Amino acid sequence: MCRYLRRRELKREIEEGLNVIESWNRANSVIYYSKTGEMVSNRADEQELSVQCLRMVQASLVYVNTLMIQDLLDDPDTGEILVTPADKRGVTPLFWEHILPYGEVKLNMTSRLMLSGRGGQPGR
């Protein structure tokens, strides 16, 4: 605790990490609770199913975000931006600003996202 209070860079690093988690928790509340801020059902089996669905959406979002980050880091123009260890620590797949929480989403089921996931090769 004394190191936290004494060292500004440690305090800043911890607060930045907490901000990432706080943002991710806001995403969970949008995905899980919708606009009302409460669960739709009070039945235990439906609540369990809701939690499992939330976990699937979370895992899918982290996976897609990880692929996007990998593509960005593989790009020679942007991959050299992250040079210090502090820069690299700041990269996290826990972001959701590119998600449209309310509104119409049109999916094109005939084409795939152009995310390689492995050095320029199409993902599986």
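Coordinates for the structure precede this section.
What you see is a predicted model, and the numbers here were worked out from it, not measured in a lab.

1. A short note on a nonpolar patch on the surface
Where nonpolar side chains cluster on the molecular surface, the patch consists of Leu-100, Val-105, Leu-107 and Met-109 and spans about 490 Å² of accessible area. With respect to the helices and strands, the residue Leu-107 is situated in the segment after α5 (85-89).

2. Some thoughts on the pattern of salt bridges
For the structure on display, the rule yields 4 salt bridges. Residue Arg-7 pairs with Glu-9 through a salt bridge whose shortest N-O separation is 3.0 Å. Arg-43 is the salt-bridge partner of Asp-45, the closest N and O atoms lying 2.8 Å from each other. On the accessibility criterion, Arg-43 (45% relative accessible area) is partly exposed.

3. So, the nonpolar core
Trp-24, Ala-27, Val-30, Leu-61 and Trp-96 together form the largest nonpolar core, which totals 5 residues. Considering every element that reaches this core, the biggest residue donor is helix α2 (residues 8-33), with 3 residues. Contact partners of Leu-61, with chain neighbours within four places excluded, come to Trp-24, Phe-95, Trp-96, His-98 and Ile-99.

4. Some details on the side chain of Asn-65
You can see Asn-65 is positioned in helix α3 (residues 44-74). For Asn-65, a relative accessible area of 0% puts it in the buried group. At a separation of 2.9 Å, a polar atom in the side chain of Asn-65 contacts the main-chain carbonyl oxygen of Pro-93. Ignoring sequence-local partners within four residues, the contact set of Asn-65 consists of Pro-93, Phe-95 and His-98.

5. Here's the deal with a negative patch on the surface
Taken together, Asp-74, Asp-75, Asp-77 and Glu-80 make up a surface patch of like negative charges. One can find Glu-80 in the loop between α4 (76-79) and α5.

6. Things to note about α3
Every α-helical turn comprises 3.6 residues, leaving residues that sit three or four positions apart pointing alike. If you check α3, its first and last C-alpha atoms are 45 Å apart, about what 31 residues at 1.5 Å a residue would give, namely 45 Å. Among the residues of α3, those classed as buried are Leu-54, Gln-58, Leu-61, Asn-65, Leu-67 and Ile-69.

7. Topic: the environment of Leu-94
Within the fold, Leu-94 resides in the segment after α5. The spacing of Leu-94 and Tyr-63 is 31 residues in sequence and 9.8 Å in space, taken between C-alpha atoms. Setting aside its immediate chain neighbours within four residues, Leu-94 contacts Val-20, Ile-21, Trp-24 and Val-62.

What counts and what doesn't
Residues numbered from 1 in each chain as written. Predicted model: local features only at pLDDT ≥ 70, side-chain atom pairs only at ≥ 80, totals over all residues. Heavy atoms only, no water. Patch = residues over 30% accessible without salt bridge, like charges linked within 9 Å, V, L, I, M, F, W, Y side chains within 5 Å. Areas by Shrake-Rupley, 256 points an atom, 1.4 Å probe, with all protein chains shown as cover. Salt bridge = Lys/Arg side-chain N within 4 Å of Asp/Glu carboxyl O. Helix = DSSP H or I, 4+ residues; strand = E, 2+ residues; numbered from the N terminus. Buried < 20%, exposed > 50% of the residue type's maximum accessible area, 1.4 Å probe, protein only. Core = buried A, V, L, I, M, F, W, Y, C linked by side-chain atoms within 4.5 Å. Contact = heavy atoms within 4.5 Å. Polar contact = N/O pair within 3.5 Å; in protein donor to acceptor, adjacent residues only side chain to side chain. Lys, Arg positive; Asp, Glu negative; His and termini not counted. Charge placed at Lys NZ, Arg CZ, Asp CG, Glu CD. Expected span 1.5 Å × (residues − 1).

Remember, this is a structural readout, not a statement about activity or role.
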